[in-house]
Amino acid sequence: MSLSEINARIDKACADHGRDRADVQLIAVSKVQPNEVVEEVLKEGHRVFGENKVQEAAGKWPMFRESYDGIELHIIGPLQSNKARQAMELAQWIHTVDRPKIASTIARLAQELGHCPQLFIQVNTGEEEQKAGVMPADADGFIKECLAMDLPVRGLMCIPPVDEEASLHFALLRKIAERNGLKGLSMGMSGDFEKAISFGATHVRVGSAIFGERNYG
Ligand SMILES: *Cc1c(COP(=O)(O)O)cnc(C)c1O
């Protein structure tokens with residue numbers, strides 16, 4: 001696969017499901033990929049990337065920003081409070097706000113820094129023990145809490161359980177977003193981004209289908 005093939009598949013999914021292509025953002029998930037591989041995608045003109053570890057992002061993106069303009073970075077992995085400042089300095093988007101403590105930390109740092117990334121609230125749609133995200137039953141309350149803190153919440157994010165039909169999770173996420181008046185839906189990865197687009201995804205997070213398999217070595 002390559003960037004152009006993935007873009008073509010997104011174009012087609014949008015056409016097939018009556019979505020406006022401009023409403024679907026491709027986030028190229030570059031975690032663990034060697035810098036040369038990431039740079040190829042930068043050279044092709046793509047500027048929107050996702051990383052799941054703040055530390056790894058900090059070791060890569062300030063350097064790329066010296067050579068390439070207009071890079072937009074999305075933090076898509078679980079966020080610890082002690083990494084929040086660094087994440088907010090690096091990234092334009094954070095997808096993983098999932099508990100009151102991190103929400104209030106971000107609100108406080110936003111005051112201090114004078115800016116705040118756009119935010120998604122992560123929902124643990126599969127109610128999995130090991131997974132981050134607010135439980136579906138607590139989502140409405142938590143979303144209201146974040147909005148009351150004046151946080152720039154743009155939508156919801158989920159990672160469906162690997163062994164379940166993703167559609168059910170995409171539909172649930174969309175339902176929670178709709179009833180809370182949120183427009184953004186960060187959902188869909190290499191294996192299911194077209195399906196996610198059919199369920200209204202506004203941000204698809206695609207890694208291995210663009211860059212190849214990750215080698216954790
Ligand atoms: C790694 C990762 C992705 C990309 O996964 P692929 O299957 O390689 O496309 C998407 N979202 C999150 C949160 C990730 O950590």
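See the structure shown above.
Residues numbered from 1 in each chain as written. Predicted model: local features only at pLDDT ≥ 70, side-chain atom pairs only at ≥ 80, totals over all residues. Heavy atoms only, no water.

(A) Region of the structure containing the pattern of salt bridges. The tally for this structure, following the rule as stated, stands at 11 salt bridges. As a salt-bridge pair, Asp 11 and Arg 21 come within 2.8 Å of each other at their nearest N and O atoms. In this pair, Asp 11 is assigned in helix H1 (residues 3-16) and Arg 21 in the loop between H1 and strand S1 (25-29), connecting sequence segments 10 residues apart. A salt bridge links Glu 165 to Lys 195, with the nearest nitrogen and oxygen atoms 2.9 Å apart. Of this pair, Glu 165 sits in the loop between strand S6 (153-157) and helix H8 (166-179) while Lys 195 sits in helix H9 (residues 193-198), and the two are 30 residues apart along the sequence. Through salt bridges with shared partners, a single network forms among Glu 51, Glu 56 and Lys 60. (Salt bridge = Lys/Arg side-chain N within 4 Å of Asp/Glu carboxyl O. Helix = DSSP H or I, 4+ residues; strand = E, 2+ residues; numbered from the N terminus.)

(B) Spotlight on the site of the ligand. Around the ligand lies a shell of 13 residues, among which Lys 31, Ser 190, Gly 207, Ser 208 and Arg 214 are the nearest. Between Ser 190 and the ligand, the recorded distance is 2.5 Å, taken from a side-chain N or O atom to an oxygen atom. In this structure, an oxygen atom belonging to the ligand sits 2.8 Å away from a main-chain N or O atom of Gly 207. Protein chains shield 89% of the accessible area of the ligand, which is 390 Å² for the free molecule. Taken together, the residues of the shell around the ligand sort by class into six nonpolar, four polar and three charged. (Near = heavy atom within 4 Å. Polar contact = N/O pair within 3.5 Å; in protein donor to acceptor, adjacent residues only side chain to side chain. Areas by Shrake-Rupley, 256 points an atom, 1.4 Å probe, with all protein chains shown as cover. Nonpolar A, V, L, I, M, F, W, Y, C, P; charged D, E, K, R; others polar.)

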